[in-house]
Amino acid sequence: MKLQFYLRFHTRYGQSLWVSGNIDELGNNDPAKAISMNYLNDEFWFTEVDAKRKGLPKAISYKYFLKNEDGELLQEWGNDRQLQGYKKEVSEIQAVDVWNHAGEYENAFFSAPFKEVLLNQPAGKGKEGPRKNFTHAFKIKAPLLKKNEAVCLLGTGERLGNWETVKPIMMSRDGNWWVAKVDLSGSGFPVAYKYAIYDTREKTFVAYEGGDNRLVYSDADKKKITILHDGFIFLPNNTWKGSGVAIPVFSLRSKKSFGVGEFSDIKLLVDWTRAAGLKLVQLLPINDTIATHTWMDSYPYAAISAFALHPLYINLVKVAGKDYAGQLGSLKKKQKQLNELPAIDYEEVIKYKLSVLKELYDVMGEACFESEEYKKFFKNNAHWLQPYAAFCFFRDKYGTSHFDEWKTNGIYHQAEVEKLFSPKSPSFREAGYYCFIQYHLNLQLKEAADYAHKKGIVLKGDIPIGIYRYGCDAWVSPDMYNMCWQAGAPPDDFTAVGQNWGFPTYNWKRMQENDFSWWKQRFEQMSNYFDAFRIDHILGFFRIWSIPANAVQGIMGRFVPCLPVHINEFGENGIWFDYQRYCRPYITDGIVEEIFGVLSGKVKKEFLTPNDFGGYDLMPGFENQLQAGEYFAALDESAENEKLKLGLFDLISNVIFFEEEGSQGEHFHFRISMEKTISYQHLIPHVQEKLKALYINYFYRRQDDFWFKEAMHKLPQLKAATNMLVCGEDLGMVPHCVPDVMQQLGILSLEIQRMPKDPQKEFFIPADAPYMSVITPSTHDMSTIRSWWEENRERTQHFYNQVMEQWGEAPQFCESWINRAIVLQHLYSPAMWSVFQLQDILGMSETLRRENPEEERINNPANPKNYWQYRMHIFLEDLILEKEFNEELKGYVTNSGRG
């Protein structure tokens, strides 16, 4: 049987198109064996293959690929294009298709939150019935139909009804497509047609789709079937809008929780979300972070496993059930004590929960392991569960997560881990304890997720950009990470010295060689519970801010990968290159006096040594920030020692260039914020001007195309691995190529009112938000609306007069009407999603808001030792009963078009 493929696509010089499918003649879905297409005319590319009838699958699935000039393949979005229904007398199938661009708005509506929760509709609506004899199958997608609406087909000629709207050809739903099978025998080609909307309840024609008439050119032949995949119906595609609430699980407070929010509390949050007219619940990462058994583990982005859930969120009563409730002893007394605290006592909560879980495991473990449900869970998750449980076993056995300090098993060997799980192993029962906990966490989170879906609420998760340096993932596959680097962020509004997260960076080359299997498994695991997710710091997929292992502050980092400045460029740009002056810390008497004041003599004596250039070098043992930090960590804490330490950090970072390691003095990278260094300020204006021009070229021009390609090596494959809705946190120092990549791939951006991406603007205006975005007035890394209002009086006054368009002096405090006005600005934004921290929603009410807004902040990125212990101040049960407030909020949501 002959298969012909016609694809509407406009290419540029050097590009080519390919098709791949699930049969031998189409390469068996192997992109490397895809079939090349030929340029036919300005409208179509074409190819044909002869397929053997014997062994053909019931449906031939296929998709198209675009090969760029550099040889990289980019696949179209989706996996729902099929050829089927061929009969014995059919000798030729002709497919006429349009490329499915991942960035099309409508594709978002076929992702998990819409397809499975928000727009879930039964198949067959508007069905006219299948036709056995047909020559053409028309297929179209229409995700945003209203209730009782269906798609119909009209066109030229008797077979298509002569454009008669009284009785159009009704289409039936088949998966993602609306389908009409028509016999166009005897029609004069080309045939003009259009899709339209029909009200099935009133049995009336509603409206044609927009745009010009569509045309089908292929003639009608009983031995040939033409299948037209026409993409999306031409209707407004940005009309759907939703809103949601953001809060970490640990911040939830219910009358049955245990001093911290638990997975079971999500059900109460869902009940309130539904009552308030919202559609989405956004959570922070929920993975296990137990590395030190101290409050430092409260940092949710430092997971010891990208797969394991945090025992912090387990509900002990649910684990015990009725049969083992007696094992809980004095639980209620401890629960009451911890639940009355205004914030989370992380150490006490996790300590108590783990001890009770151990007692429950001792009496429940054996029966649990014999259950079919557990066996299925273990089998499906063994790839991460066994290494994780082994890691936890050795962590607790040796009292540290630093696997390089363990007496045994510091290097991961799969065979040794499997021995640990042999029933004959003396440690089998101890290792099984961690599997037991994960099994029950999975049950509880899955129950909460299923409940949310039943109530029509979407769950949105969060994927951290990094992994913990001393966690299970690094232990199992150290080659997947650059352990000699630390991920972080350059200086920004949060901190002038940048951020050092301490995570190793990803070895993307190695991950790509492994077909991104770790990422794909991570997405698959997450999709068990979530419908959408936020990629933390999506800029890291373009380039990651990388800090050497011997540095402490983020300001000592650079972007990796990054095109360096070649040594020849200095001469080409009129700069005399002086290695000592540009690449070594610039230290003079005046600089020492400026930084250290009365401590200058002590600094020169104990930490510096004169050099041959009229200045100073740092003494051995203090030449990098790590050495200086370790020296002062061993001393008593005092204001003087802190000033000395930070002063030495400033001296060490007082450079203009970093030499690229291994480049033999040929490649260099600018230190970020060069113009703020004392070294730069001491240069003559002429040299400053030359360096500044090269600096701008380095950071803002030369890298863009390079970083675009870096992202396109990773993100398309990763996005194609999941049907969850993908949202990117694209804040910070954003390259010009980032919006383009996100738009091409249909990844939603993040827009924040007080963090405009346009450096010329003081505030972002919600009304200017792109449709494919999530807009919010604040995030967990920021102060809430009320707290921000009091931070900077001058900026607040600008906001009050210019953004809120109010006259006169701004109120000293953020009164409820101000908070409400800001929330409404975001609700009426054109963005697909407006999401609010729960604190900002409660800020609309003078009676429900927390008394002190300073207690509402979750994280301060400027503090690397932030204690993540915020907890909502009222019980969820009581919030659900605030019917007047909930109805008021629901009214705002509905009136804004997000109901």
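Anyway, here's the lowdown on the structure attached to this text. Every value quoted in this text rests on a predicted model; they were computed, and no experiment measured them.

With respect to the overall build of the protein chain
Here is step 1: Broken down by element type, the protein chain carries 27 helices and 37 strands.
Here is step 2: Counting the 899 residues in the protein chain, one finds 56% classified as buried.
Here is step 3: Pairs at least 24 apart in sequence give 72% of the contacts found in the protein chain among residues at least 6 apart.
Here is step 4: By element, 50% of the accessible surface of the protein chain is carried by carbon and sulfur atoms, the whole surface being about 39600 Å².
Here is step 5: Positive and negative charge centroids in the protein chain, built from 101 and 116 side chains respectively, lie 8 Å apart.

Looking at the environment of Glu642
Here is step 1: Along the chain, the position of Glu642 falls in helix 17 (residues 639-652).
Here is step 2: Residue class for Glu642 comes out partly exposed when judged on its relative accessible area of 37%.
Here is step 3: For the pair Glu642 and Lys132, spaced 510 residues apart in the sequence, the C-alpha separation amounts to 83 Å.

A short note on the sheet that holds strand 28 (residues 558-560)
Adjacent strands of a sheet pair through backbone hydrogen bonds, lying either parallel or antiparallel.
Here is step 1: If you walk across this open sheet you meet the 4 strands as 24-23-27-28, and the pairing is antiparallel. Two strands close off the open sheet at either side, each with one partner strand: strand 24 (499-500) and strand 28.

A look at the environment of Leu284
Here is step 1: Topologically, Leu284 is positioned in the loop between strand 20 (280-282) and helix 3 (316-320).
Here is step 2: Between the C-alpha atom of Leu284 and that of Phe533, which follows or precedes it by 249 residues, the distance is 9.8 Å.
Here is step 3: Residues within four places of Leu284 in sequence aside, it is in contact with Ile247, Pro248, Phe250, Pro300, Tyr301, Asp462, His780 and Trp868.

Overview of the packing of aromatic side chains
Here is step 1: Evaluated as defined, the whole model comprises 90 aromatic pairs.
Here is step 2: Between Trp545 and Phe559, the aromatic rings sit 4.7 Å apart at their centres with planes inclined by 75°, giving edge-to-face as the arrangement. Here Trp545, found in strand 27 (residues 544-548), pairs with Phe559, found in strand 28; they are 14 residues apart in sequence, far enough to count as distant. Neither residue differs from the other here; Trp545 and Phe559 are each classed as buried.
Here is step 3: Note that Lys719 overlies the ring of Trp77, its terminal NZ or CZ placed 3.6 Å from the centroid.

Observations regarding the pattern of salt bridges
Here is step 1: Throughout the structure, instances matching the rule amount to 40 salt bridges.
Here is step 2: A salt bridge links Lys222 to Asp183; its shortest N-O distance comes to 3.0 Å. With Lys222 in the loop between strand 17 (214-216) and strand 18 (224-232) and Asp183 in the loop between strand 14 (177-182) and strand 15 (191-199), this pair connects stretches of sequence that are 39 residues apart.
Here is step 3: For Lys222, a relative accessible area of 54% puts it in the exposed group.
Here is step 4: Judged by relative accessible area, which is 13%, Asp183 ranks as buried.
Here is step 5: The closest approach of N and O atoms between Asp362 and Lys358, which form a salt bridge, is 3.2 Å. Of this pair, Asp362 and Lys358 both sit in helix 5 (residues 346-370), 4 residues apart, which is roughly one turn of that helix.
Here is step 6: Given the relative accessible area of 37%, Lys358 is considered partly exposed.

What counts, and at which threshold
Within any chain, residue numbers begin from 1 and follow the written order of that chain's sequence. Predicted model: local features are reported for residues with pLDDT of at least 70 only, side-chain atom pairs are reported and counted for 80 or more only, and whole-chain, interface and lining totals are derived from all residues. In computing side-chain values, all of the structure's heavy atoms are included and hydrogens and water are not. Put simply, DSSP marks the helices as runs of H or I at least four residues long and the strands as runs of E at least two long, and each gets a number from the N terminus on. We call a residue buried when its accessible area falls under 20% of the maximum for its residue type, exposed when it is over 50%, and partly exposed in between, using a 1.4 Å probe and counting protein chains only. We call two residues contacting when some pair of their heavy atoms lies within 4.5 Å. Residue-level accessible areas treat just the shown protein chains as cover; the underlying method is Shrake-Rupley with a 1.4 Å probe. Only four residue types enter the charge count, namely Lys and Arg as positive and Asp and Glu as negative; His and the chain termini do not. In this description, the location of a charge corresponds to atom NZ of lysine, CZ of arginine, CG of aspartate or CD of glutamate. Here, strands pair whenever DSSP counts at least two bridges between them. Each pair of aromatic rings taken from Phe, Tyr and Trp, with Trp reduced to its six-membered ring, is defined by centres within 6.5 Å and is described as stacked if the planes are under 30 degrees apart, edge-to-face if over 60, and tilted in the remaining cases. Should the NZ of a Lys or the CZ of an Arg lie within 6 Å of a ring centre and within 35 degrees of the ring normal, that charge is described as sitting over the ring. In the sections that follow, a salt bridge refers to a side-chain nitrogen of Lys or Arg positioned within 4 Å of a carboxyl oxygen of Asp or Glu.

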